[in-house]
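# What the coordinates show
These are the residues of each chain, in order.
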Amino acid sequence: MTKQMHQRQSLLIRGAIVIGLLSAFLSVKFWVTERPGLTKYYPGNQSGVCQQVPKLSPKNKEVERFIQGKVESPEYQKEIINKLSGIIRIPSESYDDLGLIGQDDRWDVFYKVEDYIKAAYPTVFENVKLDHANTHGLILTWEGSVPASEAKPILMMAHQDVVPVLADTVQDWTHPPYEGYYDGEIIWGRGATDDKGYLISIIESVDLLIKSGFKPKRTVVLAFGCDEEISGENCGRPISNLLHDRYGDDGIYLIMDEGSVGIQREFDQTFAMVSTAEKGYLDVGINVTATGGHASNPPDHNVIGILSEIVMAIENNPFSGRVTSKNPMFGYLECAAVHAAESSFPMAIRNKLSKVAQGDSKAQQQLAQDLDNLRYYFRTSQSVAKVNGGVKVNAIPELASTIVNLRLAVETSIAQVEEHYENLIKPIAQKHGMVFEGFHSSYDSPERRKISLFGVDALEPAPVSPTDAESFRVLAGTIKNTLKPLDKDEQVIVTPYLMPANTDTKFFWALTKNIYRFTPINLVHNLNRAHTTDEFIRAEEFIREPLFFASLILNADDVVEWT
């Protein structure tokens, strides 16, 4: 073989190798592209998963600078901290056994709350219309220049009431619960986070905007309930009714209310977690009745024993969990998969996301098991809350009862929960030769020996608010523009989330599809220890909340089209 021939053959071989490698590379690349689980849910993907909007800054730079200057002013910071401390000092507790407004004197504390905010914000009340819903529900309307029929109002909500402080726990507080003590870093007291800090921040934002000279095109509505902690029937529902009469179905642009997580750092990434839905709610009552008698001649199983059997059956048969694409938490997992560092997000979760999105029930159940620490975001919870039975030690009890509190998963319904309980408890009634009355029994049996089920305070899971709506994009852009990441090298990723509890927004579903629950601070230690001892809020975060709410109002106003 000549040297030239050898060189030619060598070139051909190298060319064949290059072509082969290129072909292999292209086939691998194509195969990876067709395997969405390998690229769709990996960092840096461009497939449209959890796309982030850019920062959204108000067009009115003069107003924006005015508010930013105020928020950064030491004098202003001292003032707003004092305002929060002052409202904390009003023990506006709501109790489960409160009577009607006007009949139970314990409601009168809310007159003090109203007087306080009127005195603290005279400029606001000179510029808004104040309406009362059932006496203590407060609605402040800052009328825009554009009719509500052309530019739907923005509604921001908070509640005036707080959960009671048990007398036996007062000594466990670092500072007295109703002192509103500020130690230079933290503001302590019942309501600091839930929800008086939110209330002050909302009204403060309107105060700042008015003082800046801003005139809204879009009407701004503030609504403050008086009984959110005890179901909201006395103020939350009347406020909703009044606003619905005024604006009608789908008459509100956006509703903002308190959230449960706020800004958090998970998977080495800062997330702003906006709750776009709430779990459902149901209290299940169970009565077990039988004939009584003297305790010296007891039956093998009296009503307390039978009720105990029912309770054990309930606890031994919890609701199964599954992760579906209907749950906003799936959206959160998607965001984490594509925006957190690859090494920080568990592969076991990443590899199941595509199958979950496709409706694979096995993958949905397995993923819920992998996320067991978040189990109640993915399944219906049940907690036996109250038990009663027996009145005298030497008498056979004739009645034993319990109430079970349930928070319904996004994918379930009240009817499904009722069916589960009937299937669980009916065999126990049959075992003991007792009449069984289900939730919707049309016949009240005169038979004494029976087990009866009934529902209390039933609420279906909330509709899931859209994340592709203009209002959500405005909210997300405002978050990115006003809130700082928890690590300086990160950006804030806005993600949907799920509210495991219920807010007053449960009464407002007809007013808008765009209901978002978000507290613009880093909530730690169980919501900053809300509902327990040593509730607090960090001052450096609290003082910036009005900047967020004012910017949201400005940005929502900027998208109003009016000629």
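Residues numbered from 1 in each chain as written. Predicted model: local features only at pLDDT ≥ 70, side-chain atom pairs only at ≥ 80, totals over all residues. Heavy atoms only, no water.

### Structural notes on the state of the cysteines
- Evaluation of the coordinates by the stated rule reveals two disulfides.
- Between Cys-50 and Cys-335 runs a disulfide, and the two sulfur atoms are separated by 1.9 Å. Taking the sign of the torsion about the S-S bond as the criterion, the disulfide between Cys-50 and Cys-335, at about 95°, is right-handed. Within this pair, whereas Cys-50 is found in the loop between helix H2 (36-39) and helix H3 (61-71), its partner Cys-335 is found in helix H10 (residues 328-339), the two being separated by 285 residues in sequence.
- A residue is classified by how much of its surface remains accessible, and Cys-335, at 2% relative accessible area, is buried.
- Here Cys-226 is linked by a disulfide to Cys-235, with a sulfur-sulfur distance of 2.0 Å. With the S-S bond torsion at 90°, the cross-link from Cys-226 to Cys-235 turns out right-handed. (Disulfide = S-S within 2.5 Å. Helix = DSSP H or I, 4+ residues; strand = E, 2+ residues; numbered from the N terminus. Buried < 20%, exposed > 50% of the residue type's maximum accessible area, 1.4 Å probe, protein only.)

### Structural notes on the side chain of Thr-482
- With respect to the helices and strands, the residue Thr-482 is situated in helix H15 (residues 470-482).
- The residues contacting Thr-482, other than those within four sequence positions of it, are Arg-544, Leu-547, Phe-548 and Ser-551. (Contact = heavy atoms within 4.5 Å.)

### Some remarks on unusual backbone geometry
- Asp-195 follows Asp-194 through a cis peptide bond whose omega is 10°.
- The phi angle at Asn-528 is positive, at roughly 55°, despite the residue not being glycine.
- Checked against the element boundaries, Asn-528 lands in helix H16 (residues 525-529).
- Although it is not a glycine, His-531 sits at a positive phi angle of roughly 75°.
- The residue His-531 is located in the loop between H16 and strand S18 (536-538) in this model.
- On the basis of relative accessible area, His-531 is assigned to the partly exposed category, the value being 46%.

### Description of the pairing of strand S5 (residues 220-225)
- Within S5, six of the six residues are buried, leaving the element largely enclosed by the surrounding structure.
- Of the two faces of S5, the one lined by Val-220, Leu-222 and Phe-224 and the one lined by Val-221, Ala-223 and Gly-225 are each fully buried.
- Relative to S5, strand S2 (residues 137-142) runs antiparallel, the two being bridged by five bridges. In the strand pairing of S5, Ile-139 is matched with Ala-223. (Pairing = 2+ DSSP bridges.)

### So, the nonpolar core
- In terms of nonpolar packing, the biggest core is built from 76 residues, with Met-256 and Ile-479 touching the most fellow members.
- Take this core: its biggest share by element is nine residues, from helix H7 (residues 196-212).
- Sequence-distant contacts of Met-256, that is, excluding residues within four places in its chain, are made with Leu-155, Met-156, Met-157, Tyr-198, Leu-475, Tyr-516, Phe-518, Phe-548 and Leu-552.
- Core analysis: the next-biggest nonpolar cluster, separate from the first, contains 30 residues, Phe-271, Leu-367, Ala-368 and Val-410 among them. (Core = buried A, V, L, I, M, F, W, Y, C linked by side-chain atoms within 4.5 Å.)

### Overview of the pattern of salt bridges
- Tallied over the entire structure, the rule returns 22 salt bridges.
- A salt bridge links Asp-268 to Arg-265; the shortest N-O distance between them is 3.7 Å.
- Taking relative accessible area as the criterion, Asp-268 reaches 46% and is therefore assigned partly exposed.
- A salt bridge links Asp-444 to Lys-450; its shortest N-O distance comes to 2.8 Å.
- Assessed through its relative accessible area of 57%, Asp-444 is described here as exposed.
- Judged by relative accessible area, which is 12%, Lys-450 ranks as buried. (Salt bridge = Lys/Arg side-chain N within 4 Å of Asp/Glu carboxyl O.)

### Re the environment of Trp-173
- Within the secondary structure, Trp-173 sits in the loop between strand S3 (154-159) and strand S4 (186-188).
- Taking the C-alpha atoms as reference points, Trp-173 and Asp-534, 361 residues apart in sequence, are found 5.2 Å from one another.
- Once you skip the residues sitting within four places of it in the chain, Trp-173 turns out to touch Val-165, Gly-189, Arg-190, Thr-532, Thr-533, Asp-534 and Glu-535.

### Things to note about helix H9 (residues 303-316)
- In this model, H9 (14 residues) spans 20 Å end to end at C-alpha, consistent with the 20 Å of a helix rising 1.5 Å per residue.
- When we look at burial in H9, the residues that qualify are Val-303, Ile-306, Leu-307, Ile-310, Val-311, Ala-313 and Ile-314. Projected onto a plane normal to the axis of H9, the buried residues spread over an arc of 160° and lie on a single side.
- Looking at the buried side of H9, the elements it contacts are strand S9 (280-289), strand S11 (381-389), strand S13 (399-408), helix H14 (414-431) and strand S15 (450-459). (Expected span 1.5 Å × (residues − 1). Arc of directions from axis to C-beta.)

### A look at the confidence of the model for the chain
- When pLDDT is averaged along the chain, the result is 92, and 93% of the positions lie at 70 or above.
- Predicted confidence is poor over residues 1-37, with pLDDT under 50, and the contacts of this stretch with residues over four places away or in other chains come to eight contacts. (pLDDT = per-residue confidence, 0-100.)

### Notes on the UniProt feature "active site" (unreviewed entry) in the chain
- Cross-referencing UniProt, the feature "active site" (unreviewed entry) maps to Asp-161 and Glu-228 in the present numbering. Spanning 68 residues, the named residues nonetheless gather at one spot, since no C-alpha pair among them exceeds 6.8 Å.
- On the basis of relative accessible area, Asp-161 is assigned to the buried category, the value being 0%.
- A distance of 2.8 Å separates a polar atom in the side chain of Asp-161 from a polar atom in the side chain of Ser-94.
- Its place among the elements puts Glu-228 in the loop between S5 and helix H8 (236-247).
- Judged by relative accessible area, Glu-228 falls into the buried class, the value being 10%.
- Ignoring sequence-local partners within four residues, the contact set of Glu-228 consists of His-159, Asp-161, Glu-258, Asn-502, Thr-503 and Asp-504. (UniProt positions renumbered as here; feature names shortened; annotations may be inferred. Polar contact = N/O pair within 3.5 Å; in protein donor to acceptor, adjacent residues only side chain to side chain.)

### A closer look at the pairing of S13
- Of all 10 residues in S13, seven are buried; the element is thus mostly enclosed.
- In terms of strand pairing, S9 meets S13 through 10 bridges, oriented antiparallel. Residue Asn-287 lies in a different strand from S13, and its bridge partner there is Ser-401.
- Both S11 and S13 contribute to a ladder of eight bridges, which runs antiparallel. When the sheet's bridge partners are listed, Gly-389 is paired in S13 with Ala-400.

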